[in-house]
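Structural overview
Here is what each chain is made of, one letter per residue.
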Amino acid sequence: MNDEFRITMEGLADEYNKQAAQLRETYGKLNELTATAQSDDRMVTVTVGPRGQVQGIELDPRVYRKLSPSELTRSIMEQIGVATGEVSARTQELMTPLVPDGLPYEELFGEGASFESFLPQPVDLPSREPEGRR
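Here we summarise the structure given alongside this text. (Residues numbered from 1 in each chain as written. Predicted model: local features only at pLDDT ≥ 70, side-chain atom pairs only at ≥ 80, totals over all residues. Heavy atoms only, no water.)

1. Let's talk about the overall build of the chain
Here is the rule: Strands are runs of DSSP state E lasting at least two residues, helices are runs of H or I lasting at least four, and both sets are numbered from the N terminus onward. Burial status follows relative accessibility: with a 1.4 Å probe on protein chains alone, a residue under 20% of its type maximum counts as buried, one over 50% as exposed, and anything between as partly exposed. Whether two residues are in contact is decided by their heavy atoms, any of which lying within 4.5 Å being enough. Here, Shrake-Rupley sampling with a 1.4 Å probe gives the accessible areas, and only protein chains in the shown set may cover a residue.
In terms of helices and strands, the chain carries four helices and three strands. In the chain, which comprises 134 residues, the share counted as buried stands at 23%. Put simply, 42% of the contacts in the chain that link residues at least 6 apart link residues at least 24 apart. Summed over its atoms, the accessible surface of the chain is roughly 10600 Å², and 53% of this surface lies on carbon and sulfur atoms.

What follows is the structure, encoded as structure tokens:
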């Protein structure tokens, strides 16, 4: 193996190791994400985890005297939305540096994202007729 090839391969290996370490670090942070939202009246507090799953709901003991069932439901749902939105924004902050330049984050991880978002688009090759048929 010549020196130039070895140096190139070492450089590629170093770059791969840096990117893999960054990816591991980012995924570690993603798995630890939580967000807590509290209603303005402090009656409802909701905590969600890294994927927006509800981890806890705390209700002030006075909530049953102050809010009707529908108001309580609405307040809980609002706080879930706020906390989930915060986790989503922090996820995007962490993931954006890992997304290739020119590829919008939303295409990979947004609402309509699918496995196909990660794949290159198919290339249409011009058809070639056999030489005798032109």
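2. Section: unusual backbone geometry
One non-glycine residue, Arg-42, adopts positive backbone phi at about 65 degrees. Among the structural elements, Arg-42 can be located in the loop between strand 1 (35-38) and strand 2 (44-48).

3. Considerations on the environment of Ile-76
Here Ile-76 is to be found in helix 3 (residues 69-95). Given the relative accessible area of 17%, Ile-76 is considered buried. On a C-alpha basis, the gap between Ile-76 and Glu-58 in space is 9.5 Å, while along the polypeptide they are 18 residues apart. Filtering out sequence-adjacent residues up to four positions away, Ile-76 remains in contact with Val-44, Val-46, Ile-57 and Leu-59.

4. Quick look at the nonpolar core
Heads up, the rule is: Buried Ala, Val, Leu, Ile, Met, Phe, Trp, Tyr and Cys residues that are joined via side-chain atoms within 4.5 Å together make up what is termed a nonpolar core.
By size, the foremost hydrophobic cluster in this structure holds 18 residues, and its most contacted members are Val-44, Val-48 and Leu-72. When residues in this core are grouped by element, the largest group, six residues, is from helix 3. For Leu-72, the contacting residues outside a window of four places in its chain are Val-44, Leu-59, Val-63, Tyr-64 and Leu-67.

5. Topic: the environment of Val-87
Relative to the elements of secondary structure, Val-87 occurs in helix 3. For the pair Val-87 and Leu-33, spaced 54 residues apart in the sequence, the C-alpha separation amounts to 6.7 Å. Once you skip the residues sitting within four places of it in the chain, Val-87 turns out to touch Leu-33, Thr-34, Ala-35, Val-48, Gly-49 and Pro-50.

6. A look at helix 1 (residues 3-32)
Structurally, the α-helix is built with 3.6 residues per turn, so residues lying three or four positions apart point the same way. Where we set the bar: The length a helix should cover is 1.5 Å for every residue beyond the first. In protein, a polar contact requires one atom able to donate a hydrogen and another able to accept it; more generally it is a pair of N or O atoms within 3.5 Å, and residues adjacent in sequence count only if both atoms are side-chain atoms.
For helix 1, with 30 residues, the first-to-last C-alpha span of 43 Å sits near the 44 Å given by 1.5 Å per residue. Three or more residues of helix 1 are buried, namely Ala-20, Thr-26 and Leu-30. Contacts from the buried residues of helix 1 go to helix 3. Capping of helix 1 at its N-terminal end is provided by Asn-2; its side-chain oxygen lies 3.3 Å from the backbone amide nitrogen of Glu-4.

7. What to know about helix 3
With 27 residues, helix 3 extends 39 Å from end C-alpha to end C-alpha; this agrees with the ideal 39 Å at 1.5 Å per step. Within helix 3, burial applies to Leu-72, Ser-75, Ile-76, Gln-79, Ile-80, Ala-83, Val-87, Thr-91 and Met-95.

8. Here's the deal with the pattern of salt bridges
Inclusion rule: Definition used for salt bridges: Asp or Glu carboxyl oxygen within 4 Å of a side-chain nitrogen of Lys or Arg.
Counted according to the given criterion, the structure contains three salt bridges. As a salt-bridge pair, Glu-25 and Lys-29 come within 3.2 Å of each other at their nearest N and O atoms. A residue pair is termed a helical-turn pair when its members lie 3 or 4 positions apart in one helix, as Glu-25 and Lys-29 do in helix 1 at four residues. Across the pair Glu-86 and Arg-90 runs a salt bridge, and its minimum N-O distance is 2.9 Å.

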